[in-house]
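# Reading the structure
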Amino acid sequence: MISGGVRDALIARYSEPPRRYHAMAHIEDCLTQVRASTDLTADQRDLLETAIWFHDAIYDPTRNDNEAASAALAREHLSADGADPAFIAEVERLILLTAGHSVSDGDALGARLVSIDLSILGAEPARYDAYADAIRFEYAHMPEPLYRAGRAAIMSRFLESPTLYADPVWAQRYEAQARANIAREIAVLTV
């Protein structure tokens, strides 16, 4: 649904410093998961792919409004390209879900998006460790003790949640490994 010019601008954004994880590789991984989702309609696939392209377009680790800014950027670009207002509103809604990664019961599309976005948590240990290192790189501005405490708190909240993945297929596929990875990272952060 996004034009070539917008795609090029987004690719440039995903190459900006200090991105190491929130970069094109993450977007490509998420898009691959959408394309592998054979249960989606063409319209659902379009919505998810568009939301994925924009969901981390604005990324500044010193701010807490990245998702809202990314949703606004999506609205701006999609409106300029003449997208249907209902499509734009749904893309915005989906992007905003990635701020807290929680969805309402029955929100299958939202569940799929946030589950795809969090799929890295359930990656094999070496890939998860590379992700954790990339996040640390993105937060290089934070002193080590402050980063460790903050990251451990965030990851502990994930671990305390009843389920990490709102989509049942992703839960079955990634939940156990994600919990093991997170517990291992917390142990390293709190030594």
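About the criteria used
- Residues numbered from 1 in each chain as written.
- Predicted model: local features only at pLDDT ≥ 70, side-chain atom pairs only at ≥ 80, totals over all residues.
- Heavy atoms only, no water.
- Helix = DSSP H or I, 4+ residues; strand = E, 2+ residues; numbered from the N terminus.
- Rg over C-alpha atoms; globule rule 2.2 N^0.38 Å.
- Contact = heavy atoms within 4.5 Å.
- Areas by Shrake-Rupley, 256 points an atom, 1.4 Å probe, with all protein chains shown as cover.
- Lys, Arg positive; Asp, Glu negative; His and termini not counted.
- Charge placed at Lys NZ, Arg CZ, Asp CG, Glu CD.
- Expected span 1.5 Å × (residues − 1).
- Bend = angle between axes of the 7 residues up to and from the residue.
- Buried < 20%, exposed > 50% of the residue type's maximum accessible area, 1.4 Å probe, protein only.
- Polar contact = N/O pair within 3.5 Å; in protein donor to acceptor, adjacent residues only side chain to side chain.
- Core = buried A, V, L, I, M, F, W, Y, C linked by side-chain atoms within 4.5 Å.
- Salt bridge = Lys/Arg side-chain N within 4 Å of Asp/Glu carboxyl O.
- Phe/Tyr/Trp six-rings, centres within 6.5 Å; stacked < 30°, edge-to-face > 60°.
- Lys NZ or Arg CZ within 6 Å of the ring centre and 35° of its normal.

As a further point, take the overall build of the protein chain. Assigned secondary structure in the protein chain consists of 9 helices and 0 strands. Taken from N to C terminus, the helices and strands of the protein chain fall in the order α-α-α-α-α-α-α-α-α. In terms of C-alpha radius of gyration, the protein chain reaches 16 Å, essentially the compact-globule figure of 16 Å for 191 residues. In terms of principal-axis extent, the alpha carbons of the protein chain reach across some 55 × 35 × 25 Å. At a minimum sequence separation of 6, the contacts of the protein chain that also span at least 24 residues come to 63%. Total accessible area on the protein chain is roughly 9,300 Å²; 57% of this is exposed by carbon and sulfur atoms. Averaging the locations of the 18 positively and 29 negatively charged side chains of the protein chain gives two centres separated by 4 Å.

With that out of the way, let us pick up helix H9 (residues 168-189). The terminal C-alpha atoms of H9, which comprises 22 residues, lie 29 Å apart, in line with the 32 Å expected from a rise of 1.5 Å per residue. Residue Tyr-174 marks the point of greatest curvature in H9, where the axis turns by about 55 degrees. Along H9, the residues that are buried comprise Trp-170, Ala-171, Tyr-174, Glu-175, Ala-178, Asn-181, Ile-182, Glu-185, Ile-186 and Leu-189. In this structure, the buried residues of H9 make contact with helix H2 (24-35), helix H6 (108-117), helix H7 (125-138) and helix H8 (144-160). Taking the backbone nitrogen of Val-169 as reference, a side-chain oxygen 2.9 Å away marks Asp-167 as the first, capping residue of H9.

Looking now at the nonpolar core. Counting 55 residues, the largest nonpolar core has Leu-10, Phe-54, Leu-78, Leu-121 and Tyr-165 as its most contacted members. With 7 residues, the single largest contributor to this core is H9. Beyond its immediate sequence surroundings of up to four residues, Tyr-165 is in contact with Ser-115, Leu-118, Ser-119, Leu-121, Gly-122, Trp-170, Ala-171, Tyr-174, Glu-175 and Ala-178.

Inspection of every chain in the model, using the stated rule, returns 13 salt bridges. The salt bridge partner of Asp-65 is Arg-63, with a shortest N-O separation of 2.7 Å. By relative accessible area, which is 29% here, Asp-65 ends up partly exposed. Residue classification places Arg-63 among the partly exposed positions, given a relative accessible area of 40%. Residue Arg-136 pairs with Glu-144 through a salt bridge whose shortest N-O separation is 2.9 Å. Looking at Arg-136, the relative accessible area reads 19%, which means it is buried. Residues joined in a network through salt bridges with shared partners are Asp-39, Arg-112 and Asp-167.

A separate point is the environment of Ala-134. Considering the arrangement of structural elements, one finds Ala-134 in helix H7. What makes Ala-134 buried here is its relative accessible area of 8%. Separated by 39 residues in sequence, Ala-134 and Arg-173 place their C-alpha atoms 23 Å apart. Setting aside anything within four residues of it in sequence, one finds Ala-134 in contact with Arg-20 and Tyr-21.

The next point concerns the side chain of His-101. Position of His-101 among the secondary structure elements: in the loop between helix H5 (85-97) and H6. A distance of 2.7 Å separates a polar atom in the side chain of His-101 from a polar atom in the side chain of Asp-117. Setting aside residues no more than four positions away along its own chain, His-101 makes contact with Val-114, Asp-117 and Leu-118.

Here we take up the packing of aromatic side chains. Summed over the entire model, instances satisfying the criterion amount to 4 aromatic pairs. Ring centres 6.2 Å apart and planes at 40 degrees place the aromatic pair Tyr-139 and Tyr-147 in the tilted group. On the accessibility criterion, Tyr-139 (22% relative accessible area) is partly exposed. A ring pair is formed by Tyr-165 and Tyr-174, whose centres lie 5.8 Å apart and whose planes are at 40 degrees; its orientation type is tilted. Note on accessibility: Tyr-165 and Tyr-174 belong to one class, buried. The structure contains a cluster of three or more aromatic residues connected by ring pairs, namely Tyr-21, Tyr-128 and Tyr-131. Residue placement shows Arg-20 over the ring face of Phe-137; its charged tip is 3.4 Å from the ring centre. Just above the ring of Tyr-147 sits the side chain of Arg-136; from NZ or CZ to the centre is 4.3 Å.

Any functional reading would require information that these geometric values do not contain.
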